[in-house]
Amino acid sequence: MKIDGTHYRSLWWNAEKDVLEIIDQRWLPHDFRVVPVATMQDFADAIYQMRVRGAPLIGATAAYGMALAMAENSSDANMDAAWTFLEKTRPTAINLRWALDRCRAALRPLPESDRAAAALQLAHEIADEDVEINRRIGEHGLALIRDIAAKKPAGEPVRLLTHCNAGWLATVDWGTATSPMYQAHDAGIALHVWVDETRPRNQGALTSWELGKHGVPHTYITDNAGGHLMQHGMVDMVITGTDRTTRRGDVCNKIGTYLKALAAHDNGVPFYVALPSPTIDWTVSGGVAEIPIEERDAQEITHIQGVTEAGEIGTVRVTPEGTPGGNPAFDVTPNRLVTGLITERGVCAASEEGLAALFPDFAQAAE
Ligand SMILES: CSC[C@H]1O[C@H](OP(=O)(O)O)[C@H](O)[C@@H]1O
């Protein structure tokens, strides 16, 4: 999407330097830093430290990591070593394993001499596919927003609530939950987006940064305000992203999503999830029991990063010295709380039948 009139993706290949470059999201929204990802350790650090983050972007990054591995040593052994090294960086977003599996399946049959070029080409394809998938999700989500707008007095904004950042920064471009927002805004539909801060890493600040750069009206709120807003009729639709959705439509997403879904269900507010097909894990059904939830460093919850009045980015401790912290990074929303799944192939019910109807090819392959 555009930053002050200039189009950016969240990562890109610098052909002159023969290296992947990323926006280092650890410093946003206060500082826009582009950095190279030049070694396998750089790739692992970029994913684990959340320099790049968001399920689709993690997958695309891993594909470029496999391309580097093949350029260094295109043997089967190094392919497997790279798969293991990158796959262990973060456990929850299925796109990481999906991308690595796709790369390995495509590269294994090739002569070793062909693998480096093929791996880089495949990484480009995965990145480009993500952009198109998200654009289509936006089109299908736009139709839902347009339906809500049609029932409102002219000019009255459609009021959305979103959790975390499922924006273009969490993907290669467009975002998943934000793609319908951008397309509705560009279509002239009045919007207002309630943006959950999303403790502890405050990805809501990234969403606010994105929406601000695109001119989409929004308000940054505490994670605990959404239920109150819904009780007072101030939310027309909740839309979030996902890091892994099961074959029956259970949705794993940033911690706190489940609580938003409960509040939406209790107040009759539609709760939609933007779901690119690579984020569907066809091998699992019961999300709460089967999806591994990443436990991140306690310091992410005992401390917080921000910018001082002097413009310096710093971190402060918000708890007493030595307070233990608990930091599960995701939770699972059961499909019964999900109104619908917005995929690149259309909107479906959060059910095995709904997903199989849109993706018969994938559902059958997984059997
Ligand atoms: C479009 S997927 C975005 C998804 O990823 C985020 O997690 P993280 O920031 O930890 O990578 C969050 O769950 C978003 O909904």
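It should be emphasised that the depicted structure is a prediction, and the values quoted were computed from it without experimental measurement.

K.L.:
Hey, could you run me through the domain arrangement of the protein in this one?
P.N.:
Buried accessible area, meaning the area lost when the parts come together, often serves as the stated size of an interface. The domain architecture assigned to the protein consists of domain 1 (2–129) and domain 2 (137–366). Relative to domain 2, the C-alpha centre of domain 1 lies at a distance of 24 Å. With 35 residues of domain 1 at the interface, the matching set in domain 2 holds 35 residues. Here domain 1 packs against domain 2, burying approximately 3,000 Å² in sum over the two surfaces, 58% of which is carbon and sulfur. Taken as a group, Arg53, Thr92 and Ile94 account for 21% of the area that domain 1 buries against domain 2, more than any other trio of residues on that side. Taken together, the links from domain 1 to domain 2 amount to two salt bridges. With its nearest N and O atoms 3.0 Å apart, the salt bridge here joins Arg90 to Glu294. Where domain 1 touches domain 2, the interface holds 17 residue pairs in polar contact (both at pLDDT 80 or more). Going through the elements one at a time, β1 (2–3), α2 (55–72) and α4 (94–107) are the ones with two or more residues in the side of domain 1 that touches domain 2.

K.L.:
What am I meant to see in the nonpolar core here?
P.N.:
Inside soluble globular proteins, nonpolar side chains tend to come together where they are buried. Formed by 70 residues in total, the largest nonpolar core has its most connected members in Met66, Ile145, Leu160, Trp168, Leu191 and Met237. Viewed by domain, this core spans two of them, domain 1 (2–129) and domain 2 (137–366), each represented by three or more residues. One finds Ile221, Leu229, Val269 and Ile280 within the second-largest nonpolar core, a separate group that totals 27 residues.

K.L.:
Is there a simple way to think about helix α6 (residues 178–186) in this case?
P.N.:
Side chains that are three or four residues apart share a direction in an α-helix, a result of its 3.6 residues per turn. Counting buried residues along α6, seven of its nine residues qualify, which places the element largely inside the surrounding structure. The elements touched by buried residues of α6 are α5 (112–150), β6 (158–162), β7 (191–196), α7 (203–214) and β9 (237–240). Of the residues flanking the end of α6, it is Gly188, one or two places downstream, whose phi is positive at about 90 degrees.

K.L.:
What's the story with empty space enclosed by the protein in this structure? I'm lost.
P.N.:
Gaps between atoms show up when a probe of the same size as a water molecule is rolled over them. For the coordinates displayed, the defined rule picks out four cavities of 30 Å³ or more. As a volume, the largest cavity reaches approximately 200 Å³. Around the largest cavity sit 23 residues that line it, and Arg53, Gly54, Ala55, Asn165 and Asp243 are the ones nearest its centre. When contributions to the lining of the largest cavity are tallied by element, the ones reaching two or more residues are α2 and β11 (251–254). Take the lining of the largest cavity: its biggest share by element is three residues, from α2. Each of two domains, domain 1 (2–129) and domain 2 (137–366), supplies a minimum of three residues to the lining of the largest cavity. Empty space within the second largest cavity amounts to approximately 70 Å³. Contributing elements (two or more residues each) for the lining of the second largest cavity: α2, α4 and α5. Among the residues forming the lining of the second largest cavity, the class breakdown is six nonpolar, two polar and two charged.

What counts as what
Residues numbered from 1 in each chain as written. Predicted model: local features only at pLDDT ≥ 70, side-chain atom pairs only at ≥ 80, totals over all residues. Heavy atoms only, no water. Domains from an automatic or database assignment. Contact = heavy atoms within 4.5 Å. Buried area = accessible area lost by both parts, 1.4 Å probe. Salt bridge = Lys/Arg side-chain N within 4 Å of Asp/Glu carboxyl O. Polar contact = N/O pair within 3.5 Å; in protein donor to acceptor, adjacent residues only side chain to side chain. Helix = DSSP H or I, 4+ residues; strand = E, 2+ residues; numbered from the N terminus. Core = buried A, V, L, I, M, F, W, Y, C linked by side-chain atoms within 4.5 Å. Buried < 20%, exposed > 50% of the residue type's maximum accessible area, 1.4 Å probe, protein only. 1 Å grid on protein atoms, 1.4 Å probe; cavity = no way out; pocket = protein on both sides within 12 Å on 5 of 7 lines; lining within 4 Å. Points joined across faces, edges and corners; volume = space filled by probe spheres on them. Nonpolar A, V, L, I, M, F, W, Y, C, P; charged D, E, K, R; others polar.

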